[in-house]
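For reference, the chains in residue letters:
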Amino acid sequence: MVRHYLNLVKYNARIIGDLNIVAAAAIALLTPVVFNLEFLNYREAASIGEMYLAAIGIILFPYLVGIEKRANVQDIVFVKKTNPAIILIIRLVLAALTALLLIGGVLYWASLQHGQFPFLEIWLGTCVSAVYLGLIGLTIVNYTGNIVAGYLVAFAYYIFEIISAGQISQSLYPLSLLKYSFAEKYNILPVLALLTVLNLSRIFKKK
C-alpha cells in the first residue's frame, strides 16, 4: 500500500511538471532581474510578493485537473482502482510545496540582501494568496472543463483585487499585506478549505 502511494506521488510529480512549472520557476528566477532585492522594507517586499510572486499559484494550480484527458492517457492512469480525489490531493500538495519553495526561495534571497522585512510573515502571506488564486482557477477548470477559462478568471480576479485594493472583498482581501495586515489571511483559510472540498467532491462525482 505504501509503495503504491509512493509510486502515485512519483508519477504525479512527473506528469504535472510541464510548461506551467517552467513558467512558475521563470517568474521566481526573473525576480532579481525585474526588482532590486537589496534593502527591501516591508512595503517593498509585500508589493513583490502580493503583486508578482502570488501569480505563481495561478500558473501552477489550474493545470492540475484534466491532465489525463488532455494527454489521452486517462484509461492507462485509472487501470488500477485509485480514487481520483486521492490523486488530486497529491497534486494539490505537490503544487503547494512548489509554490512555497519558489516564493520562499526568492524572499529568503531578498532577506540575505539586507532585507528589513519579517520573512515568515511575507512568505506565508504571499503563499496564502498564491494558493487562493490558484484554487479559484482550478475550481473554474474543474467545473467547466475549460483550462483557458480557469486561467483567465483567476488572472482577471487577481487584477481586479489589485485595482480595487480590497474595497469589495474587505476582510477577504487576498493581497492584504499591501495594507500591512495579515488578519485577512486567516479569514481566507476557511475559503481555501471550502474550495478544496468543492474540487474534491467534483472529482469524486466524475468518478
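Quick notes on the rules
Residues numbered from 1 in each chain as written. Predicted model: local features only at pLDDT ≥ 70, side-chain atom pairs only at ≥ 80, totals over all residues. Heavy atoms only, no water. Helix = DSSP H or I, 4+ residues; strand = E, 2+ residues; numbered from the N terminus. Buried < 20%, exposed > 50% of the residue type's maximum accessible area, 1.4 Å probe, protein only. Contact = heavy atoms within 4.5 Å. Salt bridge = Lys/Arg side-chain N within 4 Å of Asp/Glu carboxyl O. Phe/Tyr/Trp six-rings, centres within 6.5 Å; stacked < 30°, edge-to-face > 60°. pLDDT = per-residue confidence, 0-100.

Participant: So what about the environment of phenylalanine 155? Which residues, and what values?
Facilitator: In this fold, phenylalanine 155 is placed in helix α9 (residues 147-164). For phenylalanine 155, a relative accessible area of 31% puts it in the partly exposed group. Measuring from C-alpha to C-alpha, the distance between phenylalanine 155 and isoleucine 58 comes to 7.1 Å, with 97 residues separating the pair along the chain. Those residues in contact with phenylalanine 155, other than ones at most four positions away along the chain, are Ala55, Ile58 and Ile59.

Participant: Account for the pattern of salt bridges, naming residues and giving values.
Facilitator: Enumeration over the complete set of coordinates arrives at one salt bridge. A salt bridge links glutamate 50 to lysine 185; its shortest N-O distance comes to 2.8 Å. You can see glutamate 50 sitting in helix α3 (residues 42-53) and its partner lysine 185 sitting in helix α10 (residues 183-206), a full 135 residues away along the chain. Comparing glutamate 50 with lysine 185 shows no difference in burial state: the two are buried.

Participant: Residue-level account of the packing of aromatic side chains, with values.
Facilitator: In this structure the tally under the stated criterion is six aromatic pairs. A ring pair is formed by tyrosine 132 and tyrosine 157, whose centres lie 6.1 Å apart and whose planes are at 80°; its orientation type is edge-to-face. Highlighted residues: tyrosine 132 in helix α8 (residues 119-144) and tyrosine 157 in helix α9, separated in sequence by 25 residues. For the pair formed by tyrosine 132 and tyrosine 157, the shared burial category is buried. Ring pairing ties together the aromatic residues Tyr108, Phe119 and Trp123, which thus form one cluster.

Participant: Could you give an account of the confidence of the model for the protein chain, with specific residues and numbers?
Facilitator: Residues of the protein chain with pLDDT of at least 70 account for 90%, and the chain-wide mean is 89. Contacts of residues 74-79 to residues separated by more than four positions or lying in other chains number eight contacts, the stretch itself having pLDDT below 50.

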